[in-house]
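Coordinate analysis (summary)
In case you want the letters, here they are:
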Amino acid sequence: MIKPLTSLRFFFALFVLLSHLALLQGYENYRHIFEKIFAEGFLGVSFFFILSGFILAYNYEHKFAEKKITQKEFFIARLAKIYPMHFVTILAALILSSFMDGSGKYVAQNVLLIQSFFPSEKIFFSLNAPSWSISDEMFFYLLFPFILLLRQKAKLAIFATLFAIILMLNVFLSEEQKHYWLYISPLIRFSDFLLGMMLFNAYVKLKEWRNLKNWSLAYFEIVALMIFTVFFALHQFADMGLRYSVYYWIPMVLIILSFALSSEEKQPTFLNRFLSNKHMVWLGEISFCFYLIHLLVIRLAEHTVAQYALKMDGLLLSLIILCISIGLSALAFKYIEKPLNRKLKERFL
C-alpha cells in the first residue's frame, strides 16, 4: 500500500459526490457554486482510472513476471474486491426504485457489469449510476494481464493511437455524443488505465535515478497540487470533450507520481505524513463503498425532501448526505466488503 495514494482516493470520491449534488441547483444561494465548481467533480473518475492502472502494475507486474500469480487468481481477486458491494448496491437501488419511480430495468447488464458498453444513458446510468465506471474497470482488468506481456513500445503505440482517436472524436462528435464516447466508453477510457500502467514504469525509473542522484522530492507534491488547482480553475476555458478525457491527465499523473515517490523519502513531507495518518488511510479504504453508496443516499434524500415538502438549507442537506454516506460506507466496509472479499478468496483461491 502507498498510503497517501490510498487516502487521496477518498478526496476524489468526494469530488464525485459533489458533482452529483444537483439538488443545489434548486437553491438560489448555491446554484452558482454547483454549476461552476461542484459539477466539475466528475474529474475524480479520471484519477481513479489512472490510479487503478498504476496500482495494479505496482502490485502485480513483478508477480506475473515471476509467475507468482496466475491469470485466474488475478481475476478472482478482482472479482472478490468488486462484486460484494456491487451486488449490495444493485439490490439497494432496486428497492429504492420500487417505491420511488418504479424503474428497475437493465438488471442483467448491471449484474454482468457490461452496462457501459451500451451508448444509452438509460442503460449505462441505470440502477446505481456510478457503477458504470466499475463496468469500465472490469474491462480493464480483463485486458491487464495481456497488456503486461507487451513491450513498452507496443504500450506506447496503443496509447498514442487512443490519444489520436480521442482528439478526432472531440472534433467530429456532437456535444451529446461526447459524453458517452469520451467519458463513458470503456474502449476509450482504457487510455486512462494504460496511462497509469505506463506511469508505473516511469515511477520505477525515476525512483532508481533519484536513489542514484540523492534527489529530494520535498516540494514535488505541492507543485503537483498547485498545477491541479490551476487546471481546475481554468476548466471553463477548456472544451467539454477534452475535460471528459485528456484535460486532467497532466495534474493527475503529477499527483500520483509525486506522492508515490515522496513516500520513499526518509523524512516524509507534511502532506505525506498527513495522508499517511491512519484516519486518512481509513477514509481511503472505505472510498470504494462511499463511491457506490453516495448517489443512493442522494436519491433517497431528494425523495424524502420532495415527499414531505421539507424546507431545508441546501448546504445543511448536503452535509447530512455526506455524513450518512460516510457512516453507511464505514459499516459496509467492515461488514460487507472486507469479510466477503476474504471469504470469496478463501473459497475460490
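Here, every reference points to the structure presented above.
Residues numbered from 1 in each chain as written. Predicted model: local features only at pLDDT ≥ 70, side-chain atom pairs only at ≥ 80, totals over all residues. Heavy atoms only, no water.

1. Focus on the packing of helix α1 (residues 3-19) against helix α16 (residues 287-307)
Definition in use: Axis angles are defined between N-to-C directions and span 0 to 180 degrees, where every axis is a line fitted to C-alpha atoms and, for a helix, only to the segment in contact. Where helices and strands are cited, they refer to DSSP runs of H or I of at least four residues and of E of at least two residues respectively, numbered from the N terminus. Here is the rule for angles: anything less than 35 degrees is roughly parallel, anything more than 145 is roughly antiparallel, 65 through 115 is roughly perpendicular, and the remaining ranges are oblique. In this scheme, a crossing is called left-handed if the near helix is turned counterclockwise away from the far one by less than a right angle; it is called right-handed if the turn is clockwise. Throughout, a contact is declared for two residues whenever any of their heavy atoms are within 4.5 Å. We call Asp, Glu, Lys and Arg charged. Ala, Val, Leu, Ile, Met, Phe, Trp, Tyr, Cys and Pro are nonpolar, and the rest, Gly among them, are polar.
At a closest axis distance of 9 Å, the pairing of α1 and α16 adopts a crossing angle of 15 degrees. The orientation of α1 relative to α16 falls into the category roughly parallel. Relative to α16, the crossing made by α1 is right-handed. Counting all contacts with α1, which are made through Arg9, Phe10, Ala13, Leu14, Val16 and Leu17, the residues of α16 involved are Ser287, Phe288, Phe290, Tyr291, His294 and Ile298. Partitioning the contact of α1 with α16 into residue classes produces 9 nonpolar, 2 polar and 1 charged.

2. A word on a nonpolar patch on the surface
Test applied: Exposure above 30% relative accessible area and the absence of a salt bridge qualify a residue for a patch, where like charges join within 9 Å and nonpolar side chains (Val, Leu, Ile, Met, Phe, Trp, Tyr) within 5 Å. Shrake-Rupley sampling with a 1.4 Å probe provides the accessible areas, and residues are treated as covered by the protein chains on show and by no other component. The term salt bridge refers to a pairing of a side-chain nitrogen on Lys or Arg with a carboxyl oxygen on Asp or Glu at a separation within 4 Å. Three exposure classes are used, based on accessible area relative to the maximum for each residue type with a 1.4 Å probe and protein chains only: buried under 20%, partly exposed in between, and exposed over 50%.
Nonpolar side chains collect at one region of the surface, where Leu316, Ile320, Ile324, Leu328, Leu331 and Tyr335 lie side by side and expose about 570 Å² of accessible area between them. Secondary-structure assignment places Leu328 in helix α17 (residues 314-348). Of the residues examined, Leu328 reaches a relative accessible area of 40% and is grouped as partly exposed.

3. Let's talk about helix α4 (residues 71-100)
Convention followed: What a helix should span is 1.5 Å times the count of its residues minus one. Note on bend: at a given residue it equals the angle between the axes fitted to the 7 residues ending there and to the 7 starting there.
Along its 30 residues, α4 runs 42 Å from first to last C-alpha, staying within 8% of the 44 Å computed at 1.5 Å per residue. Of all the bends in α4, the greatest reaches close to 30 degrees and is centred on Tyr83; the proline Pro84 follows between one and four positions later.

4. Remarks on the packing of aromatic side chains
For clarity, the threshold we go by: Pairs were defined over the aromatic rings of Phe, Tyr and Trp, the Trp ring being its six-membered one, requiring ring centres within 6.5 Å. Orientation was assigned from the angle between planes: stacked under 30 degrees, edge-to-face over 60, tilted for the rest.
Throughout the structure, instances matching the rule amount to 46 aromatic pairs. With centroids separated by 5.3 Å and ring planes inclined at 55 degrees, the aromatic side chains of Phe10 and Phe290 adopt a geometry described as tilted. Here the residue Phe10 occupies a position in helix α1, and Phe290 occupies one in helix α16, the gap between them amounting to 280 residues. Across the pair, exposure class does not vary: Phe10 and Phe290 are buried alike. Judged by centre distance (5.2 Å) and plane angle (85 degrees), the rings of Phe49 and Phe140 are edge-to-face. Residue Phe49 is found in helix α3 (residues 44-65), and its partner Phe140 is found in helix α7 (residues 131-148); the two are separated by 91 residues along the sequence.

5. Things to note about the side chain of Glu137
The cut-off we apply is this: Note that His is not counted, nor are the chain ends; the positive residues are Lys and Arg, and the negative ones are Asp and Glu. In protein, a polar contact requires one atom able to donate a hydrogen and another able to accept it; more generally it is a pair of N or O atoms within 3.5 Å, and residues adjacent in sequence count only if both atoms are side-chain atoms.
As for its position among the elements, Glu137 is in helix α7. As a buried residue without a salt bridge, Glu137 has its nearest oppositely charged side chain in Arg9, at a separation of 6.8 Å. Reaching out from Glu137, the side chain makes a polar contact with the side chain of Ser52 at a distance of 2.9 Å. Excluding residues within four positions of it along the chain, Glu137 makes contact with Phe48, Phe49 and Ser52.

6. Some words on the layout of surface pockets
As a reminder, the rule being used: Only protein atoms enter the 1 Å grid, on which a cavity is a set of points fitting a 1.4 Å probe that cannot get out and a pocket is an open set with protein on both sides within 12 Å along at least 5 of 7 lines, lining residues being those with an atom within 4 Å of a point. Grid points are joined across faces, edges and corners, and a volume is the space filled by probe spheres set on the points.
Looking at the largest pocket, its volume works out to about 980 Å³. For the largest pocket, the lining is made up of 34 residues, of which Arg9, Ile55, Arg78, Lys81 and Glu337 are closest to its centre. For the lining of the largest pocket, the secondary-structure elements that each account for two or more residues are α1, α3, α4, α7, α15 (278-285), α16 and α17. Looking at the lining of the largest pocket, the element that brings in the most residues is α3, giving 11 residues. Here the lining of the largest pocket is composed, by residue class, of 18 nonpolar, 7 polar and 9 charged. Considering only enclosed or pocket space, the second largest pocket measures out at about 800 Å³ in volume. Lining the second largest pocket are 35 residues, and of these His20, Glu121, Phe125, Ala129 and Leu295 sit closest to its centre. Among the residues forming the lining of the second largest pocket, the class breakdown is 18 nonpolar, 8 polar and 9 charged.

7. Looking at unusual backbone geometry
Note: most peptide bonds trans; most residues except glycine with negative phi. Despite not being glycine, Lys67 shows a phi value in the positive range, around 55 degrees. Mapped onto the elements of the fold, Lys67 is located in the loop between α3 and α4. Positioned with a positive phi, Tyr106 is a non-glycine residue whose angle comes to about 60 degrees. Within the secondary structure, Tyr106 sits in the loop between α4 and α5 (107-111).

8. Regarding the environment of Asn277
Following the sequence through the fold, Asn277 ends up in the loop between α14 (270-275) and α15. The spacing of Asn277 and Lys3 is 274 residues in sequence and 8.2 Å in space, taken between C-alpha atoms.

It is worth stressing that arrangement in space is one thing and function is another; only the former is reported here.
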